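Report on the structure
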Number of protein chains: 2
Amino acid sequence: MAGMGKAEDTKARIERAALTLFVARGVAETTTREIAMAASIAEGTIYRYFPSKEQLALNMFLGHHRALAEALDEAQRPHPSLRAKTEAIVRCYCDWADRDWTLFAYHLLNQHSFLIQVPDGTPNPVNVVREAIGRAMAAGEIPKNNVDLAAASAIGVVLQAATYKVYGRFEGPLSDHVTFFAAAAWAVLSVKEK
Amino acid sequence: MAGMGKAEDTKARIERAALTLFVARGVAETTTREIAMAASIAEGTIYRYFPSKEQLALNMFLGHHRALAEALDEAQRPHPSLRAKTEAIVRCYCDWADRDWTLFAYHLLNQHSFLIQVPDGTPNPVNVVREAIGRAMAAGEIPKNNVDLAAASAIGVVLQAATYKVYGRFEGPLSDHVTFFAAAAWAVLSVKEK
DNA sequence: TGAAAAAGAGTGATCACTCACTTATATCAT
DNA sequence: ATGATATAAGTGAGTGATCACTCTTTTTCA
């Protein structure tokens, strides 16, 4: 932990311990005592850095949510075509998953509990994809379908595979399959509804 | 509730109340007192029908899980080609979702907590799809890719759309989009990896 | 030596579950 | 039919355990 003060180190240890336990056992099922033990600190120390267990859980979710959205947006922006954007987004997403799998899995498995608490105006991974698709439909690059439906199905191609990796249905880095995911997502987007 | 004894009616009321609350607030966040109030019975009555809150939650999950798997298997069996099986499976799945949306949403949102507790040998929705895809690959009907990966991505096309309906990203019955889902899933399966 | 950080016993609230009891319903002898 | 009795269904106050969070004390270190 180079260049990290003692306090910041403690805070990071708390977050990492909480993250691991949240993924393994669920947020509600993880106690503050367990977090403290896993982080090798006292229970009270958690509250020097976070006002509550809920805020600790929410902060980590929102941090990753926003950062991922910004990364995806930067990845797709330079490319002119949706086909190229698709590949760039998929690659960026898989890289994020592989870089910090625990954080990624936490974000993936707890969307339903935190998504409603995302403040308005926060960069949003789904919106990045949705808007790129919407523009491509308007430009006639792909068939004009229901945008939300197309976005959901295309995202699902990658997201469900990631979910099954969380469940242990297969191993190895997600990035190994970037080409397949991109081709599959593109195939979905090319389908003409009805 | 035709042909339902008083006891069975009470049991059904408990299950329905629990289901609604579990979907709206989460299993861990729902108290037995709330379930009792919503079902218009006393808290103690829950324990005449279920040994614990956990078993109540697990029973409902497993019941739907097994029944869905059997329905999907019956839906795909008569069809010879994977293309036809795909359409049949997608249609069956969407019908189940539309028929009892609360139960469906409960199953969808709580897979990660219950999937590890599914007894070996239980009919499994994912396996039905996986095996159909595996046979089609062996028969040369579709390109020979990683079976788990192909299954995950194809399933994701429908499942993620269903998830976004839970989140309120769009409305109306899932069945309205059966043709699109089937075409999109088929497009994914037709992609040649690498 | 003073302020920041960490400790960990303590606290009040919550919650799943129990249990002694009441009420409703079914069974059956007269 | 009627009353007696057995069984099932339902009740809700009570209980013990748990847990997030607090507070006073102790340690660390600049």
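1. A closer look at the overall build of chain A
Across its full length, chain A holds 10 helices and zero strands. Listed N to C, the secondary structure of chain A is α-α-α-α-α-α-α-α-α-α in terms of helices and strands. Each principal axis of the C-alpha distribution contributes one length, and for chain A these read about 60 × 35 × 35 Å. Expressed as a percentage of its 194 residues, the buried residues of chain A come to 51%. A separation of at least 24 residues holds for 70% of the contacts in chain A among residues at least 6 apart in sequence. Seen as two clouds, the 21 positive and the 21 negative side-chain charges of chain A have centres 1 Å apart.

2. Comments concerning the protein's contact with DNA strand C
As a structural note, the neighbourhood of DNA strand C is formed by 15 residues, with Thr10(A), Ala42(A), Tyr49(A), Thr32(B) and Lys53(B) the closest of them. Sugar and phosphate atoms constitute 62% of the interface atoms of DNA strand C, taking the interface as everything within 4 Å of the protein. In the environment of DNA strand C, a phosphate oxygen lies 2.8 Å from a nitrogen or oxygen atom belonging to the backbone of Thr32(B). Elements represented by at least two residues in the surface near DNA strand C include exactly α1 (6-25) and α3 (43-49) of chain A together with α3 (43-49) of chain B. A per-element tally of the surface near DNA strand C places α3(A) first, with four residues.

3. Some thoughts on the interface of chain B and chain A
Contact residues are listed per partner, giving 36 residues for chain B and 36 residues for chain A. Summing both partners gives a buried area of about 3,200 Å² for chain B against chain A, and 69% of it is carried by carbon and sulfur. It is Leu149(B), Arg169(B) and Phe180(B) in chain B that bury the most area against chain A; as a group they hold 20% of the surface buried on that side. Scanning the region where chain B abuts chain A turns up zero salt bridges.

4. Describing the packing of aromatic side chains
For any two aromatic rings, the description comes down to two numbers: the centre-to-centre distance and the angle of the planes. One pass over the full model with this rule turns up 14 aromatic pairs over all chains. Taken together through their ring pairs, the aromatic side chains of Phe22(A), Phe61(A), Tyr106(A) and Phe114(A) make up a single cluster. Above the face of the Trp101(B) ring, Lys165(B) is positioned so that its terminal group lies 4.0 Å from the ring centre.

5. What to know about the protein's contact with DNA strand D
Neighbouring residues of DNA strand D: 17 residues in total, closest Thr32(A), Thr10(B), Ala42(B), Arg48(B) and Tyr49(B). Here the atoms of DNA strand D within 4 Å of the protein split so that 62% fall in sugar or phosphate, with bases taking the remainder. Thr30(A) is positioned such that a nitrogen or oxygen atom in its backbone is 3.3 Å from a phosphate oxygen of DNA strand D. At 3.0 Å, a side-chain N or O of Tyr47(A) approaches a phosphate oxygen of DNA strand D. For the surface near DNA strand D, the element with the most residues is α3(B), which contributes four residues. Partitioning the surface near DNA strand D into residue classes produces five nonpolar, eight polar and four charged.

6. Some thoughts on helix α10 (residues 178-190) of chain B
Relative to the 18 Å expected for 13 residues at 1.5 Å per residue, α10(B) spans 18 Å between its end C-alpha atoms, a close match to the ideal helical length. Within α10(B), 10 of the 13 residues are buried, leaving the element largely enclosed by the surrounding structure. Among all positions of α10(B), only Val178(B), Phe180(B), Phe181(B), Ala182(B), Ala184(B), Ala185(B), Trp186(B), Ala187(B), Val188(B) and Leu189(B) are buried. Elements in contact with the buried residues of α10(B): α9 (147-166) and α10 (178-190) of chain A together with α5 (82-99), α8 (125-138) and α9 (147-166) of chain B.

7. Quick notes on the pattern of salt bridges
Residue and element names in this part refer to chain A. Inspection of the entire model under this criterion finds 16 salt bridges over all chains. A salt bridge links aspartate 9 to arginine 13; the shortest N-O distance between them is 3.0 Å. One end of the pair, aspartate 9, and the other, arginine 13, are both in helix α1, four residues apart, so they sit about a helical turn from each other. Each of Arg83, Glu87 and Arg91 takes part in one network of salt bridges that share partners.

8. Brief notes about the relation of the copies chain B and chain A
When chain B is brought onto chain A, the operation consists of a screw motion whose angular component is 180° and whose axial shift is 0.0 Å, with 0.0 Å RMSD remaining. Taken together, the rotation and translation relating the two chain copies correspond to the operation of a two-fold axis. Residue Gly156(B), judged by its C-alpha, is the member of chain B lying nearest the rotation axis, at 2.1 Å.

9. Looking at the environment of Val188(B)
The topology assignment puts Val188(B) in helix α10. Expressed as a C-alpha distance, the spacing of Val188(B) and Ala150(B), which sit 38 residues apart in the sequence, is 7.4 Å. Every residue in contact with Val188(B), bar those within four places of it in the chain, is listed here: Val157(A), Phe180(A), Ala184(A), Val188(A), Ser153(B), Ala154(B) and Val157(B).

10. What about the environment of Ala42(B)?
Looking at the secondary structure, you find Ala42(B) in the loop between α2 (32-39) and α3. With 107 residues separating them in the primary sequence, Ala42(B) and Leu149(B) have C-alpha atoms 48 Å apart.

11. Let's talk about a negative patch on the surface
Together, Glu29(A), Glu54(A), Glu29(B) and Glu54(B) make up a negatively charged patch on the protein surface. Locating Glu29(A) in the fold gives a position in the loop between α1 and α2 (32-39).

Cut-offs applied
Residues numbered from 1 in each chain as written. Chains lettered and ligands numbered in written order. Predicted model: local features only at pLDDT ≥ 70, side-chain atom pairs only at ≥ 80, totals over all residues. Heavy atoms only, no water. Helix = DSSP H or I, 4+ residues; strand = E, 2+ residues; numbered from the N terminus. Buried < 20%, exposed > 50% of the residue type's maximum accessible area, 1.4 Å probe, protein only. Contact = heavy atoms within 4.5 Å. Lys, Arg positive; Asp, Glu negative; His and termini not counted. Charge placed at Lys NZ, Arg CZ, Asp CG, Glu CD. Near = heavy atom within 4 Å. Polar contact = N/O pair within 3.5 Å; in protein donor to acceptor, adjacent residues only side chain to side chain. Buried area = accessible area lost by both parts, 1.4 Å probe. Salt bridge = Lys/Arg side-chain N within 4 Å of Asp/Glu carboxyl O. Phe/Tyr/Trp six-rings, centres within 6.5 Å; stacked < 30°, edge-to-face > 60°. Lys NZ or Arg CZ within 6 Å of the ring centre and 35° of its normal. Nonpolar A, V, L, I, M, F, W, Y, C, P; charged D, E, K, R; others polar. Expected span 1.5 Å × (residues − 1). Least-squares fit on C-alpha atoms with pLDDT ≥ 70 in both. Patch = residues over 30% accessible without salt bridge, like charges linked within 9 Å, V, L, I, M, F, W, Y side chains within 5 Å. Areas by Shrake-Rupley, 256 points an atom, 1.4 Å probe, with all protein chains shown as cover.

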